Amino acid sequence: MRRRILRSMLTVLTLTTVVLGVPLIYTAWLWVEDITRDDLQGKLERIAAAIIVQEHGDGMVLGELDTRAVEPLLPQDGKLTIIYPAPHDNASRADVGADQVTDPLVESLSMGTKGSLRLEVPSAPMHARQRQAVGVVALAVLASLGAAVSVAVITARRVADPLRDVAARAARLAMGDFRPDPRRHGISELDRVSDVLDSATVEIAGRLQREHALVADVSHQLRSRLTAVRLRLDELSTHADPEVVHEAEEAMAQVDRLTEAIDDLVRASRDEDAADLDPVPVMEELRGVVAEWTHPFAEKGRALTLTGDESLLAPITGSRLREAVAVLVDNALMHGGGTCTVSVRTVRPGVDRDPLVCVEVADEGDGVRDELAPHIFDRGFSAGGSTGVGLALARALVEADGGRLELQRRRPALFAVFLGSSAYRTQNAVVTEPR
């Protein structure tokens, strides 16, 4: 930002310098010439006065004109030509000074009936003074431009550095750093933003603390209730009827998985940096989800399958991935039709970018209506009478690990989970292209 501000200010300063400096330099050039010509006119007037003093009778003859009186008034290396009336001729001429002037600067003066004067002086001294004047003006313009550039640099730094500090502070706040920052920058608008960030820091920290406490309390209560349920199921496992024992053992396995999922979610909610996660085998994490939901699909006469590359790894939290995919599978069971397929593959988002691990959940139902598609991930939105939390929760779980969840196809529905910022594969594995 500082470079953009500085570049804009320098562009304006350069244009201003050119627009004002060039006319000023040209004015200085003409000003020196005007002064020189005015000086020559003054000398001509004094010479004319000296000549008029010598006039007597009806005119002057060449012998009667004393040119010595005007020689001290001539500029150095100048040439004066005097035209005056004479008794025996219409006009007489007298040349005083240098015989010839190179590159002359000429000024004339008419004395009416008494004749005229023509003064020639070398123009080189005037041009030298013009160059000196132009140099002085140019130096002044450059000095003002340098001062303006210094002011622009200081101003750009004074504006850009506080903005960068505020942006960095907002980034730290997003990363969970709630330490207060007492620095202020002397710019009322930015200081106001800092004050708002201070207030937001206190509010967010308080809310997170309350939410963490609530999560801990809820998880404790759930584990307590699940423990009680498991104890009752353990009593049923001693029943004489084998079918009751089998159902009790299946229910205890479900309770154990639910307890483990709660512990994983609570542990994952306390992780502060998803970028440091170790890669985990995606197919292995999803195999348990598919096994758990195969029976509900079978009860409705439908099939649930899992396909993909066993070697694919992704830097994710296993519990978050399992819960997110479970939400998508449940959504396919409730609102979809036909076979539900969970597939794991890689996609390449660009030629110069690393491939991503993609988990797709597709079914063969009617899909998502066009008017519902933009809102299906909105919390609380549901077209089927449910709570409207599932898909919003799934997206939040995926994004917590740096991934994203999207509706790739509406009819039939296909949801895609892109995991992490890069994909990992075991050695000798082949990267597949997007379908």
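Just so we're clear, the structure is a prediction, and the values are computed from it rather than from any experiment.

Draft legend 1. Inspection of unusual backbone geometry at higher detail. At the junction of Arg-411 and Pro-412, the peptide bond is cis and its omega measures out at -20° in the coordinates. Not every positive phi belongs to a glycine, and Asp-77 is a case in point at roughly 65°. In this structure, Asp-77 sits in the loop between α1 (2-54) and β1 (79-86).

Draft legend 2. Highlighting the pattern of salt bridges. Following the criterion strictly, the structure yields twelve salt bridges and no others. Arg-320 is the salt-bridge partner of Asp-401, the closest N and O atoms lying 2.7 Å from each other. Taken together, the residues span a long stretch of sequence, with Asp-401 in the loop between α7 (390-400) and β10 (404-409) and Arg-320 in helix α6 (residues 318-335) at a distance of 81 residues. Between Asp-370 and Arg-410 there is a salt bridge whose closest N-O contact spans 3.2 Å. Taken as a pair, Asp-370 in the loop between β9 (356-362) and α7 and Arg-410 in the loop between β10 and β11 (414-419) lie far apart in primary sequence, 40 residues in all. One network of salt bridges, with partners in common, ties together Glu-33, Arg-37 and Glu-107.

Draft legend 3. Here's a closer look at the packing of helix α5 (residues 282-299) against α6. The geometry of α5 relative to α6 is characterised by a closest axis approach of 10 Å and an angle of 30° between their N-to-C directions. What the angle tells us is that α5 and α6 run roughly parallel. When the axes of α5 and α6 are compared, the crossing they make is right-handed. On the side of α5, the interface is formed by Val-282, Glu-285, Leu-286, Val-289, Trp-293, Pro-296 and Phe-297, while α6 contributes Gly-318, Leu-321, Arg-322, Val-325, Ala-326, Val-329, Asp-330, Ala-332 and Leu-333. For the contact of α5 with α6, the per-class residue count stands at twelve nonpolar, one polar and three charged.

Draft legend 4. Region of interest: the sheet that holds β9. Taken in spatial order, the five strands line up as β6-β8-β9-β11-β10 in an open sheet, and their pairing is mixed. In this open sheet, the two edge strands, each paired with only one partner strand, are β6 (304-308) and β10. Strand-to-strand twist of the sheet, defined as the mean angle between neighbouring strand axes without regard to direction, takes the value 20°. Strand contacts of α5: β6, β8 (340-347), β9 and β11, with the helix running at about 165° to β6, the strand carrying the most contacts. Set on the sheet, α7 makes contact with β10 and β11; between it and β10 the angle comes to about 125°.

Draft legend 5. Seen up close, the environment of Thr-113. Along the chain, Thr-113 falls in the loop between β3 (104-110) and β4 (116-122). Overall, Thr-113 belongs to the exposed group, its relative accessible area being 69%.

Draft legend 6. Geometry of the nonpolar core. In this structure, Val-282, Val-325, Val-342, Val-359, Phe-415 and Leu-419 are the most contacted members of the largest nonpolar core, which totals 42 residues. At the level of secondary structure, the elements contributing two or more residues to this core comprise α5, β7 (312-315), α6, β8, β9, α7, β10 and β11. By residue number, the principal contributor to this core is α6, which donates nine residues. Leave out the neighbours within four places in its chain, and Phe-415 touches Leu-328, Asn-331, Val-359, Glu-360, Val-361, Ile-376, Phe-377, Leu-391, Leu-405, Glu-406 and Leu-407. Membership of the second largest hydrophobic core comes to 25 residues, among which are Leu-44, Ile-82, Leu-119 and Val-121.

Calculation rules
Residues numbered from 1 in each chain as written. Predicted model: local features only at pLDDT ≥ 70, side-chain atom pairs only at ≥ 80, totals over all residues. Heavy atoms only, no water. Helix = DSSP H or I, 4+ residues; strand = E, 2+ residues; numbered from the N terminus. Salt bridge = Lys/Arg side-chain N within 4 Å of Asp/Glu carboxyl O. Axes fitted to C-alpha atoms, helices over the stretch in contact; angles between N-to-C directions. Parallel < 35°, antiparallel > 145°, perpendicular 65-115°, else oblique. Left-handed = near helix turned anticlockwise from the far one by under 90°. Contact = heavy atoms within 4.5 Å. Nonpolar A, V, L, I, M, F, W, Y, C, P; charged D, E, K, R; others polar. Pairing = 2+ DSSP bridges. Buried < 20%, exposed > 50% of the residue type's maximum accessible area, 1.4 Å probe, protein only. Core = buried A, V, L, I, M, F, W, Y, C linked by side-chain atoms within 4.5 Å.

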